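Coordinate analysis (summary)
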Amino acid sequence: MCIRDRIYTGGREKDIKRVKDSRGLTAIEVLNELCDDKNPLHLGTFYHHLDYPNGPYGANVWTAVGMVNGHPCLLEATNNVCYGGALFPETIEKIVRHQIRAETIGGVNYIIFNDSAGLYLPLQIRSFAGPSGFDHIMAHNARMKKRRCKLLGIQTGPGVAGGGYRLGNCQNHYIMEGGFEVISGQAIIQGAQGFEVDPAVFGGPWVHCPNGYASGYFKNIQTAIKAIRELILSGSPNNMDRNRIFPPRDPLYDPDELKGILPYQDSYTRPYDLEDILARILDGSEICEITDGRGKDYGKGVFTGLGVVDGFIFGIIGTRYGLYVSREGENKIAGFLSREDLFRMTQFLQHCDQAKYPIVWFQDIKAFESGPQAEAEALLKHGSLLMDQIIYHSIPQMTIILRNASGAGHYAFCSEGFGPVYTLGTTHAKNIVMEPIILAQALHHARGDLIIDGNRFIPVSSEAQKRFEKTLEMIEKDDNPYKEANFGTFNEIIKLSEIREYIKMFLRLTNYEPDYPPERNTYFSGLK
């Protein structure tokens, strides 16, 4: 069983059986049944999976995006198979990251299935307050509503303490028969007040529906799923068709061909044509490159242009890879950002903001150019200005790391800290400050194990060579996309053939809200 499949089980077989006997479906099965194509796009699958190899899986909560009755929605479901759906610090962090996605987009539907025993008390010092405290979830619920998001919650099982408060500030929330929401658990009440209680009685739907805390109740999970689909259809105006500029079309080339186009075996520096990648993602394989008044020869290390997926126009900023000749006749290596590249990217970002086109970043970046000329051209300044522009503009953005994400060039291509709706890494992706071989050489040169001979590093002895190889092996073990996803560097690891589906969902979400985007202007001449 692969890592992903093991995580998606949710827990042990006996716990899966227990949940199915009492609820009918596990949390991940509920999300599958809710979505139109039975296949939500998951985000955060591998979050802290290495820290808890025996569970909780998926940080004990599933977060995804999917279509529900023709409406794009953000989905959240507590993993009720493992630890009773308890909230670990990592569970809270993952939920908050998903809430921030909704806030970034604004005006979207956010559906929550809650089945939680509350905070995981052995780690309460981290999960009660502080950076990963439960209060962040409640605060972000309010911020989502401030951003016009519509929160729909369903209590499918126990909701104790924090689990009971989870759905309190949703605009609509329902309790499934057998579920309950209480401030304190059974043992605490019996110990404090000295009499036996049944939380399903004093905190169930027969209490919370009449007192106004809950909007209503459902008899079982199948009824709940059917009702939610009808509620989404009747309660949320769908703006996608108005913002869909062109009829959706498939690419002319098969997306499955991407794995044969993007080279990664033996070397992550082999060149490829970004347009070949885009031709297997965009509608009709049509690519519209946009340059400034200085022509295509200006900023040749990067690609800026417009594309269409699912009929929606969006901006594209990507890295070219290979050798090219600059306007001054210099031989340069694409993948290292130059001053002209930064100017071109900054200007295109401003154009997209004025036209209200969301942006997808295709990242395969080594670093900024370095050396005396780079310092004289103030690359530090121009790189910082580009990063400012990423934050200043209000357009939604997403980032796809194709292969390399190294140095400050990673930041300049809208890294996770700059708030993209989601950051995706392919199974080839790696996210590091510098290449393992370069880092190992620098370390052992400083220690005296290696000396420089021309443009080569030479070990001073066989023992020094062994120490160098051991360090290199250790560094390369960390250079793994699944390890990086463990810490949230990537929100999800995806196949190359899945890139189009994630972009499609991103564009549906960003074109959903009735009041956004505002009337598009015609800044880019020749485009509607």
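Residues numbered from 1 in each chain as written. Predicted model: local features only at pLDDT ≥ 70, side-chain atom pairs only at ≥ 80, totals over all residues. Heavy atoms only, no water.

**Comments concerning the environment of H208**
Turning to its location among the elements, H208 is positioned in helix α10 (residues 205–208). Put simply, H208 and F180 are 28 residues apart on the chain and 8.6 Å apart in space, counted from C-alpha to C-alpha. (Helix = DSSP H or I, 4+ residues; strand = E, 2+ residues; numbered from the N terminus.)

**Structural notes on the packing of helix α14 (residues 339–355) against helix α16 (residues 379–392)**
Each packed pair of helices is defined by two parameters, the angle between the axes and the distance between the axes. Their axes nearest at 10 Å, the elements α14 and α16 cross at an angle of 20°. The angle between the axes of α14 and α16 places the two elements in the roughly parallel class. Two packed elements cross with a definite hand, and for α14 against α16 that hand is left-handed. Listed contacts from α16 to R339, L342, F343, M345, T346, L349 and Q350 of α14 are L379, H382, G383, L386, Q389 and I390. Tallied by class, residues from the contact of α14 with α16 come to 7 nonpolar, 5 polar and 1 charged. (Axes fitted to C-alpha atoms, helices over the stretch in contact; angles between N-to-C directions. Parallel < 35°, antiparallel > 145°, perpendicular 65-115°, else oblique. Left-handed = near helix turned anticlockwise from the far one by under 90°. Contact = heavy atoms within 4.5 Å. Nonpolar A, V, L, I, M, F, W, Y, C, P; charged D, E, K, R; others polar.)

**As for the nonpolar core**
With 57 residues, the main nonpolar core has I281, F362, I400, Y422, I499 and I503 as its most contacted residues. Among the elements that line this core, the one with the most residues is helix α21 (residues 499–510), at 7 residues. When residues no more than four places from it in sequence are discounted, the contact partners of I503 are I281, V309, F314, V360, F362, M398 and I400. With 34 residues, the next largest nonpolar core counts I28, A77, F218 and I493 among its residues. (Core = buried A, V, L, I, M, F, W, Y, C linked by side-chain atoms within 4.5 Å. Buried < 20%, exposed > 50% of the residue type's maximum accessible area, 1.4 Å probe, protein only.)

**Notes on α21**
Helix length check: α21 (12 residues) gives 17 Å between terminal C-alpha atoms against 16 Å at 1.5 Å per residue, within 8%. With 11 of 12 residues buried, α21 is to be regarded as a mostly interior element. Among the residues of α21, I499, R500, Y502, I503, K504, M505, F506, L507, R508, L509 and T510 are the ones counted as buried. (Expected span 1.5 Å × (residues − 1).)

**Quick word on the pattern of salt bridges**
With the rule as written, the count across this model stands at 25 salt bridges. The residue K17 makes a salt bridge to D21 at a minimum N-O spacing of 3.0 Å. Of this pair, K17 and D21 both sit in helix α2 (residues 13–23), 4 residues apart, roughly one helical turn. Its relative accessible area of 56% is what places D21 among the exposed residues. (Salt bridge = Lys/Arg side-chain N within 4 Å of Asp/Glu carboxyl O.)

**Regarding the side chain of E90**
Inspection of the secondary structure puts E90 in helix α4 (residues 89–105). At 3.0 Å, the side chain of E90 and the side chain of Y52 are in polar contact. (Polar contact = N/O pair within 3.5 Å; in protein donor to acceptor, adjacent residues only side chain to side chain.)

**So, the pairing of strand β11 (residues 312–319)**
Across the 8 residues of β11, 8 count as buried, placing the element largely inside the fold. What you see with β11 is no split at all: F312, F314, I316 and G318 on one side and I313, G315, I317 and T319 on the other are buried throughout. The turn linking strand β10 (residues 302–309) back onto β11 is made up of 2 residues, and D310 within it adopts a positive phi angle of 60°. Pairing analysis gives 4 bridges linking β11 to strand β15 (residues 359–365), with the strands arranged parallel. The residue of β15 that forms the bridge with G315 is I359. (Pairing = 2+ DSSP bridges.)

**Structural notes on the packing of helix α3 (residues 27–34) against helix α11 (residues 221–235)**
The N-to-C vectors of α3 and α11 enclose an angle of 40°; their axes lie 10 Å apart at closest approach. One finds that α3 runs oblique with respect to α11. Viewed along their axes, α3 and α11 form a crossing whose handedness is right-handed. Residues V30, E33 and L34 of α3 form the contact with α11, whose participating residues are I221, I225, I228 and R229. Here the residues of the contact of α3 with α11 sort into 5 nonpolar, no polar and 2 charged.

**Points about α14**
Working note: α-helix, 3.6 residues per turn, so residues spaced by three or four point in the same direction. Taking 1.5 Å per residue as the helical rise, α14 with its 17 residues ought to reach 24 Å, and the 25 Å between its terminal C-alpha atoms agrees with that figure. Burial runs high along α14: 12 of the 17 residues are buried. Every buried residue of α14 is accounted for by E340, D341, L342, R344, M345, T346, F348, L349, H351, C352, D353 and A355. Looking one or two places after α14, you find K356, whose phi comes out positive at around 65°.

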